[in-house]
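Remarks on the overall topology
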Amino acid sequence: MNDEFSFIRSLIAHRFVESERIEVDVGDDAAVVIPHSDRSLVMTCDTMVETVHFLRKTMSPADIGWKLLASNLSDLAAMGAVPTYALISVAVPPSWQAEEVEEIYHGIYDLAREWKVSLMGGDTVRIPEYLTLTLTLLGEVGRGEALLRSSAKPGDVVFVTGTVGDAAAGLHLLLHHPDQRFNYPALVQAHCRPNPQLHIGKWLVSTRFRPACDDISDGLAQEAWEIAEASQVCIVLDREKIPISEQLLQYAKAVGQDPFEWVWFGGEDYQLIGTVRKEYWAKLKETVKEKGFLLSMIGRVESGTPQVEVESEGIRMVLPKRGYNHFADR
Ligand SMILES: Nc1ncnc2c1ncn2[C@@H]1O[C@H](COP(=O)(O)OP(=O)(O)O)[C@@H](O)[C@H]1O
Ligand SMILES: Cc1ncc(C[n+]2csc(CCOP(=O)(O)OP(=O)(O)O)c2C)c(N)n1
Ligand SMILES: [Mg+2]
Ligand SMILES: [Mg+2]
Ligand SMILES: [Mg+2]
C-alpha cells in the first residue's frame, strides 16, 4: 500500500450501486443524492475497533466487513427503516495489508448487495496501531412511522426475534475453545455473520400497530432497560420464555458456564426486542408463521418504576441494568 488514491480506487472497484437518485457519485468532494420528498431520512453510525470489537483470531477480514454493515443495518431495522446509502471511514495501521482491507470490503459488499445499500464514499487514513472502521448508514421510513424505544405502554406484550446469547457464546468459543468451532456453527455464525432483522422491522411498520423497538447490540438486559426508561414503564420478562438455542445450551454445559450470563448480558445478537399492544399480538403471531419469522413473546409491560424485572417460578427480581459498556472500567 504505497498510494492512498489507487488504494481507494481498488476498494470501490467492486462496490454495489443501485439508485436512480445519485446526482454525484464517489470521486468528488462529497456525494449528492436526491431525497424522496415524501419519506423521512433515518441516520445511524457504528464503529468497529480491533481489540474492542474483533481480533484477528476471532474474525476474518470478510467477517469484519459484514458485521460492520450488519450492526448499522440492525439499528435501521430497529427503526423499521429501509437502508439506502452508506459512507465508510477506514483507519489502517501498518499491521494490516491492502489485500486484507480489500477482503473487508468484499464482506461489506456481500451484505450491501443483499439489502441494496449503495456505498457513496468514505475516508481513508493511517492510524498508529489498531484497525478502526466506521460506517454511516442512511435509510428511509414513512413520515411519522419510525419505531421508537419510547412507545411501550402498560399492558403491552414484550417480544424478541430469533434466539439470544448466541453471539456472546460464539465469542467465548472463538477466544477460549477455537478447536471446537466446527461443533457449534450457529454460535460462530451468530458472532461473525449476524443477520440484521430488516424484514421484521419493515413488516412491524407495515402493520401500523406502532410497536416499541430496539436492536440488541449491548445485551437483552441493557436494551430492555433502554425501552423501560425511554417509555417510563416496568418491563417484566418471563425467564422460561426466553428463546435460547440448543447449541448455546450444549456449549454452556460443555464449558461449565451459566448460559444466562450470555443471554442477558452478552450482546451483539442484533435481534430486535419490542413491545406491542396485547390485542395485536395474536395477529402478529399469525403472520409470523406465514412469513417464517421467529418471534417469541417473552414478557409484559406494567406501570410502575421504570426498570426491568425477571419472573421465574413465581419469583420476581430486578434484572441488573448491565450489558456491554465501553467505559465500564473507567
Ligand atoms: N459520539 C456521539 N455523538 C453524537 N451522538 C452519539 C454519539 N454516540 C452515540 N450517539 C447517539 O446516541 C444514541 C445511542 O447510541 P448507541 O448506544 O451507540 O446506540 P446503538 O446501541 O443503537 O448503536 C444514538 O442516537 C446515537 O446516534
Ligand atoms: C475481541 C472482542 N472482545 C469483546 C467483544 C464483545 N463486544 C465488543 S463491542 C460489544 C457491544 C456492541 O458494540 P457497540 O460498539 O456498543 O455497539 P452499539 O451498541 O453502539 O451498536 C460487545 C459485546 C468482541 N466482539 N470482540
Ligand atoms: Mg451505536
Ligand atoms: Mg441500537
Ligand atoms: Mg448499534
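As annotated in an unreviewed UniProt entry, the protein carries the name Thiamine-monophosphate kinase and is attributed to Thermoflavimicrobium dichotomicum. Its UniProt record gives the protein the following Catalytic activity (unreviewed entry) comment, quoted word for word: "thiamine phosphate + ATP = thiamine diphosphate + ADP".

The next point concerns the packing of helix H1 (residues 4-12) against helix H3 (residues 98-115). Between H1 and H3, the shortest axis-to-axis distance is 9 Å and the interhelical angle comes to 30°. In terms of their interaxial angle, H1 and H3 are classed as roughly parallel. For H1 against H3, the interelement crossing comes out right-handed. Contacts from Phe7, Ser10, Leu11 and Ile12 in H1 reach Ala98, Val101, Glu102, Tyr105 and Tyr109 in H3. For the contact of H1 with H3, a count of residues per class yields seven nonpolar, one polar and one charged.

It is characteristic of soluble globular proteins that their nonpolar side chains tend to be buried jointly. If you look at the biggest cluster of nonpolar residues, it comprises 94 residues, and the most contacted ones within it are Tyr105, Leu220, Ile235, Leu237 and Trp264. A domain-level breakdown of this core finds at least three residues from each of domain 1 (4-142) and domain 2 (149-318). Not counting residues within four places of it along the chain, the set of residues in contact with Leu220 comprises Val160, Val164, Ile242, Val263, Trp264, Ile273 and Ile298.

Here we come to the coordination of the magnesium ion (ligand 5). Around the magnesium ion (ligand 5), the protein contributes the donor atoms Asp46 (OD) and Asp75 (OD), which lie 2.1 to 2.2 Å from the metal centre. Here the magnesium ion (ligand 5) and the magnesium ion (ligand 3) are spaced 3.5 Å apart, with Asp46 acting as a shared donor. Highlighted residues: Asp46 in strand S3 (residues 39-49) and Asp75 in helix H2 (residues 61-79), separated in sequence by 29 residues. Taking the relative accessible area as the measure of exposure, Asp75 reaches 19% and is therefore buried.

Here the focus is the site of ligand 2. If you check the shell around ligand 2, you find 13 residues, and the closest are His53, Ser217, Asp218, Glu268 and His326. Between an oxygen atom of ligand 2 and a side-chain N or O atom of Asp46, the distance comes to 3.0 Å. Between an oxygen atom of ligand 2 and a side-chain N or O atom of His53, the distance comes to 2.9 Å. When ligand 2 sits alone it has 600 Å² of accessible area, and the protein chains cover 85% of it. Each of domain 1 (4-142) and domain 2 (149-318) contributes no fewer than three residues to the shell around ligand 2.

Turning to the UniProt feature "domain: PurM-like C-terminal" (unreviewed entry) in the protein, a few remarks are in order. In the numbering used here, UniProt assigns the feature "domain: PurM-like C-terminal" (unreviewed entry) to residues 153-305. Here residues 153-305 runs as 47% helix and 18% strand, with 13 Å between its end C-alpha atoms.

Conventions we followed
- Residues numbered from 1 in each chain as written.
- Chains lettered and ligands numbered in written order.
- Predicted model: local features only at pLDDT ≥ 70, side-chain atom pairs only at ≥ 80, totals over all residues.
- Heavy atoms only, no water.
- UniProt positions renumbered as here; feature names shortened; annotations may be inferred.
- Axes fitted to C-alpha atoms, helices over the stretch in contact; angles between N-to-C directions.
- Helix = DSSP H or I, 4+ residues; strand = E, 2+ residues; numbered from the N terminus.
- Parallel < 35°, antiparallel > 145°, perpendicular 65-115°, else oblique.
- Left-handed = near helix turned anticlockwise from the far one by under 90°.
- Contact = heavy atoms within 4.5 Å.
- Nonpolar A, V, L, I, M, F, W, Y, C, P; charged D, E, K, R; others polar.
- Core = buried A, V, L, I, M, F, W, Y, C linked by side-chain atoms within 4.5 Å.
- Buried < 20%, exposed > 50% of the residue type's maximum accessible area, 1.4 Å probe, protein only.
- Domains from an automatic or database assignment.
- Donors = N, O, S within 2.8 Å, 3.2 Å for Na, K, Ca; no water.
- Near = heavy atom within 4 Å.
- Polar contact = N/O pair within 3.5 Å; in protein donor to acceptor, adjacent residues only side chain to side chain.
- Areas by Shrake-Rupley, 256 points an atom, 1.4 Å probe, with all protein chains shown as cover.

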